[in-house]
Amino acid sequence: MPSEDVRWSDLACFVGRSSHIPAALADLSSPDEQVRLKAFRLLVQDLAWNENVFEATPYAICDVVEHLERRDVPHPNEAFALLRTLGNGEAAHPELINWHGRTVDLLSLCRELVEGSLTLYLSYLSDPGARLGALDVISGFRGRTAEALAELGRAADSATSTEERTEILTAIGDLREWNDTVADEPSCVVPDEFLNRKASESRAAMIRIGRGERPPRRGNAGPLLSARQYLIRLVMRLLERSN
């Protein structure tokens, strides 16, 4: 669905309604780096706050992918970084939403929408300025891992430079490590009492936001956060402090 046909004011994000999201998405195509970084930070906060995705998140993913397909994002790395983040959201428990008339799991939908554009990301590998961003998205795959590994292997074999081949092989290693970490995660059953308490806390937080109160700061993400994600967030915090 084209972004202009989405009723953003009806979709929920971290701060409530999502009427401001289209403007931020448009700013990802700005020639001004500071404008793009500001838009990126806003979108990460409002669409994946504390790694939790929202009702508006899958619509934003579709919009970013559409712009990348049209090649109207002059500097696509912020767009790729956003897709990597939105495609790897987490939540205390699965949340169901209505997606074009059918009920779907929100987390699974976000991942499927991001991973469904593998061919698009591969098409950016020939662009030295966008290659690392595209590889970063692919190296975060969780569902289509085998397909991504096969495609990256073929891309490495046909690389036209040592630098390109090295970057692709690094992404292959990152993708394997990312999924090995997920596979090694110990399984556990989360008690209903805990889920109910977290749901109550979330509702209370949304009420505070509606009153205009500033949300409390959360702690750092869990131990499964990859070193790459940690470094990205560290850089983003340094950029915020420098502005």
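Residue indices follow the written sequence of each chain, beginning from 1 at its first position. In keeping with the predicted nature of the model, local features appear solely for residues at pLDDT of at least 70, side-chain atom pairs appear and are counted solely at 80 or more, and the whole-chain, interface and lining totals rest on all residues. Water and hydrogen atoms play no part in the side-chain values, which are based on all heavy atoms of the structure.

**Comments concerning the confidence of the model for the protein**
Point 1. The score called pLDDT rates the predictor's confidence residue by residue, from a low of 0 to a high of 100. Here the protein averages 83 in pLDDT, and 72% of its residues register 70 or above.
Point 2. Any pair of residues with heavy atoms lying within 4.5 Å of one another is described as a contacting pair. Ignoring residues within four places in sequence, the model shows residues 182-188, a span with pLDDT below 50, making two contacts including any to other chains.
Point 3. Low confidence marks residues 217-225, where pLDDT is under 50. Its contacts with residues over four positions away, or in another chain, come to nine contacts.

**Some thoughts on the packing of aromatic side chains**
The geometry of an aromatic ring pair is captured by two quantities: the separation of the ring centres and the angle between the planes.
Point 1. Two aromatic rings, drawn from Phe, Tyr or Trp (for Trp, its six-membered ring), form a pair once their centres lie within 6.5 Å of each other, and the interplanar angle then sorts them: stacked below 30 degrees, edge-to-face above 60, tilted otherwise. Evaluated as defined, the whole model comprises seven aromatic pairs.
Point 2. Centroid distance Phe 14 to Phe 54: 6.3 Å. Interplanar angle 50°. Geometry classified as tilted. Pair noted here: Phe 14 is in the loop between β1 (12-13) and β2 (16-17) and Phe 54 is in the loop between α2 (33-47) and α3 (57-70), with a separation of 40 residues, a long-range link.
Point 3. Each residue gets one of three labels from its accessible area relative to the maximum for its type: buried under 20%, exposed over 50%, partly exposed in between, using a 1.4 Å probe on protein chains only. The buried category is assigned to Phe 14, whose relative accessible area is 6%.
Point 4. When the centroid spacing of 6.4 Å and the interplanar angle of 75° are considered together, the rings of Tyr 121 and Phe 141 count as edge-to-face. Of this pair, Tyr 121 sits in helix α6 (residues 118-123) while Phe 141 is found in the loop between α7 (131-138) and α8 (145-157), placing the two residues 20 residues apart along the sequence.
Point 5. Ring pairs connect the aromatic residues Phe 80, Tyr 121, Tyr 124 and Phe 141, which therefore count as one cluster.
Point 6. Only when the NZ atom of a Lys or the CZ atom of an Arg is both within 6 Å of the ring centre and within 35 degrees of the ring normal do we say a charge sits over the ring. The ring centre of Tyr 124 lies 3.9 Å from the NZ or CZ of Arg 71, which sits over that ring.
Point 7. Sitting over the face of the ring of Trp 178, Arg 84 holds its NZ or CZ atom 4.7 Å from the ring centroid. For helices the rule is a DSSP run of H or I covering at least 4 residues; for strands it is a run of E covering at least 2, with both sets numbered from the N terminus onward.

**With respect to the pattern of salt bridges**
Point 1. Salt bridge, as used here, is a side-chain nitrogen of Lys or Arg placed within 4 Å of a carboxyl oxygen of Asp or Glu. Overall, the coordinates contain 12 salt bridges when judged by the stated rule.
Point 2. Residues Arg 142 and Glu 90 are paired through a salt bridge, measuring 2.9 Å at the closest nitrogen-oxygen approach. One end of the pair, Arg 142, is in the loop between α7 and α8; the other, Glu 90, is in the loop between α4 (77-86) and β3 (96-99), with 52 residues separating them in the sequence.
Point 3. The class of Glu 90 is partly exposed, set by a relative accessible area of 31%.
Point 4. Salt bridges sharing common partners tie together Glu 66, Arg 70 and Asp 72.

**So, the nonpolar core**
Point 1. Nonpolar cores are built from buried Ala, Val, Leu, Ile, Met, Phe, Trp, Tyr and Cys residues. Side-chain atoms within 4.5 Å join them into one set. Core analysis: the largest hydrophobic core is formed by 56 residues, its most contacted members being Trp 8, Leu 25, Leu 68, Leu 83, Tyr 121 and Leu 152.
Point 2. Setting aside chain neighbours within four positions, we find Leu 25 in contact with Trp 8, Leu 43, Ala 60, Asp 63, Val 64 and Leu 82.

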